[in-house]
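Observations on the three-dimensional arrangement
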Amino acid sequence: MALRTLASKKALSLALGGARPLAAARGVTTVALPDLSYDFGALEPAISGEIMRLHHQKHHATYVANYNKALEQLDAAVAKGDASAVVQLQGAIKFNGGGHVNHSIFWKNLKPISEGGGEPPHGKLGWAIDEDFGSFEALVKKMNAEGAALQGSGWVWLALDKEAKKLSVETTANQDPLVTKGASLVPLLGIDVWEHAYYLQYKNVRPDYLNNIWKVMNWKYAGEVYDTTLA
């Protein structure tokens, strides 16, 4: 059974990063913590159930709460014509909104081994990986190297440039979403390399976490995004 979160009774039909949105005070459209399609422990041994529970219920939930709070404060500031407050809130909106968007993608990028997690990409995406990186193994090696080398906290992405129709590996700092690197970049896979994503299990050995996460990678989802984007 999928693990579910509490949602407002005033659900709307707007989607941001795969979450179920809800209506907040003063007509502000806020977001809700998305459900997982698998149980917390379903990704073990690659990712422990304790990490998944804390990551989803605490870290992602905090981004959602802070993003919604910042949106409501922004609405009030705009209503007052308080330009200074509007500018001041942009950092909180970018950080927490980015955290929500990134994590909403991340949960979809993962799948239990029993349900096909870790199976290599096939179809058009598989061919594109061979063409742009030489092989699937070369892509994994490149993403692992860039993720391990990323200083501080951030994300490593497999991106599709929808205009150039070419794949690339990108990194973003903190909770910056991939769109901050280019409007034409579409995230196919994102790996969270913040310590909260792995420290309880892998301590400070980020490369071990990066090596093991591929065992539960949902390449079917990545392939669907790739096909839909280029359709």
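Parameters at a glance
- Residue indices begin from 1 for each chain and proceed along its sequence in written order.
- This being a predicted model, a pLDDT of at least 70 is required before a residue's local features are given, and a value of 80 or more before pairs of side-chain atoms are given or counted; all residues contribute to the totals for chains, interfaces and linings.
- Note: side-chain values were computed over all heavy atoms of the structure, leaving out hydrogens and water.
- UniProt positions are given in the numbering used here, feature names are shortened, and annotations may be inferred rather than shown by experiment.
- Helical segments are the DSSP runs of H or I of at least four residues, strand segments are the runs of E of at least two, and each set is numbered from the N terminus.
- Remark: exposure states derive from per-residue accessible area (1.4 Å probe, protein chains only) relative to the maximum for the residue type, with buried under 20%, exposed over 50%, and partly exposed in between.
- Here, two residues are considered to be in contact whenever any of their heavy atoms come within 4.5 Å of each other.
- Residue burial considers only the protein chains on display, and all accessible areas are found by Shrake-Rupley using a 1.4 Å probe.
- Between the rings of Phe, Tyr and Trp (Trp by its six-membered ring), a pair exists once the centres lie within 6.5 Å; its type follows the angle of the planes, with under 30 degrees stacked, over 60 edge-to-face, and the other angles tilted.
- DSSP calls a pair of strands paired once it identifies at least 2 bridges connecting them.
- Salt bridges are counted wherever a side-chain nitrogen of Lys or Arg sits within 4 Å of a carboxyl oxygen of Asp or Glu.
- Each residue gets a pLDDT score, which is the predictor's confidence in that residue and runs from 0 to 100.
- We call two N or O atoms a polar contact when they sit within 3.5 Å, provided that within protein one can donate a hydrogen and the other can accept it, with sequence-adjacent residues counted only if both atoms are side-chain atoms.

An unreviewed UniProt entry annotates the protein chain as Superoxide dismutase originating from Urochloa decumbens. For the protein chain, the Subunit (unreviewed entry) comment in UniProt is given as "Homotetramer." Within the UniProt record for the protein chain, the comment given under Cofactor (unreviewed entry) is "Mn(2+)".

1. Some remarks on the overall build of the protein chain
Helix and strand content of the protein chain: eight helices and five strands. Secondary structure elements of the protein chain occur, N-terminal to C-terminal, as β-β-α-α-α-α-α-β-β-β-α-α-α. Within the protein chain, buried positions represent 47% of all 231 residues. Excluding contacts between residues fewer than 6 apart, the proportion of contacts in the protein chain whose partners are at least 24 apart in sequence is 64%. Accessible surface, the protein chain: about 11,500 Å² in total, of which carbon and sulfur atoms supply 54%.

2. Overview of the packing of aromatic side chains
Per the counting criterion, the structure on display carries nine aromatic pairs. Here Phe 106 and Trp 107 contribute two aromatic rings whose centre-to-centre distance is 5.5 Å and whose plane-to-plane angle is 50°, an arrangement assigned as tilted. Plain terms: the ring middles of Trp 214 and Trp 219 are 6.1 Å apart, the flat faces sit at 15° to each other, and that makes the pair stacked. The rings of Phe 106, Trp 107, Trp 155 and Trp 157 are connected pair by pair, giving a single aromatic cluster.

3. What to know about the side chain of His 60
Take His 60: it is sitting in helix α1 (residues 49–80). According to the relative accessible area criterion, His 60 is buried, its value standing at 0%. Among all residues touching His 60, those that are not within four sequence positions of it are Leu 33, Pro 34, His 55, His 100, His 103, Ser 104 and Trp 107.

4. Regarding the pairing of strand β3 (residues 154–161)
The buried count for β3 comes to eight of eight residues, which makes it a mostly enclosed element. A two-sided burial pattern is seen for β3, the buried positions comprising Gly 154, Val 156, Leu 158 and Leu 160 on one face and Trp 155, Trp 157, Ala 159 and Asp 161 on the other. Strand direction decides the pairing type here: β3 and strand β4 (residues 166–173), joined by eight bridges, are antiparallel. Counterpart to Trp 157 in the pairing with β4 is Glu 170.

5. Quick word on the pattern of salt bridges
Pairing is possible between side chains of opposite charge, provided their charged atoms come close. In total, this model carries four salt bridges according to the counting rule given. When the shortest N-O distance is used, the salt bridge between Glu 146 and Lys 142 registers 3.0 Å. Residue Glu 146 and its partner Lys 142 are both found in helix α5 (residues 136–149); the two are separated by four residues, about one turn of the helix. Given a relative accessible area of 25%, Glu 146 falls into the partly exposed group. In this structure Lys 142 comes out as partly exposed when scored by relative accessible area, which is 35%.

6. Focus on the confidence of the model for the protein chain
Parts of the model with low pLDDT should not have their predicted coordinates read in detail. Mean pLDDT over the protein chain works out to 90, with 88% of the residues at or above the 70 mark. When the criterion is pLDDT under 50, residues 1–25 qualifies, and its contacts beyond four places in sequence or with other chains add up to 58 contacts.

7. A short note on the pairing of strand β5 (residues 185–192)
The buried fraction of β5 amounts to seven of the eight residues, a majority that puts the element mostly inside the structure. Both β3 and β5 contribute to a ladder of seven bridges, which runs antiparallel. Across the sheet, Val 156 pairs through a bridge with Ile 191, a residue of β5.

8. Topic: the UniProt feature "binding site: Mn(2+)" (unreviewed entry) in the protein chain
When the UniProt feature table is mapped onto this chain numbering, "binding site: Mn(2+)" (unreviewed entry) sits at His 55, His 103, Asp 192 and His 196. These annotated residues cover 142 residues of sequence, and their C-alpha atoms all fall within 12.2 Å of one another, placing them together at a single site. Of note, His 103 is situated in helix α3 (residues 90–108). In this structure, His 103 is in contact with His 55, His 60, Tyr 63, Trp 155, Gln 175, Asp 192 and His 196, ignoring residues within four places of it in sequence. Within polar-contact distance, the side chain of His 103 engages the backbone oxygen of Gly 99 at 2.7 Å.

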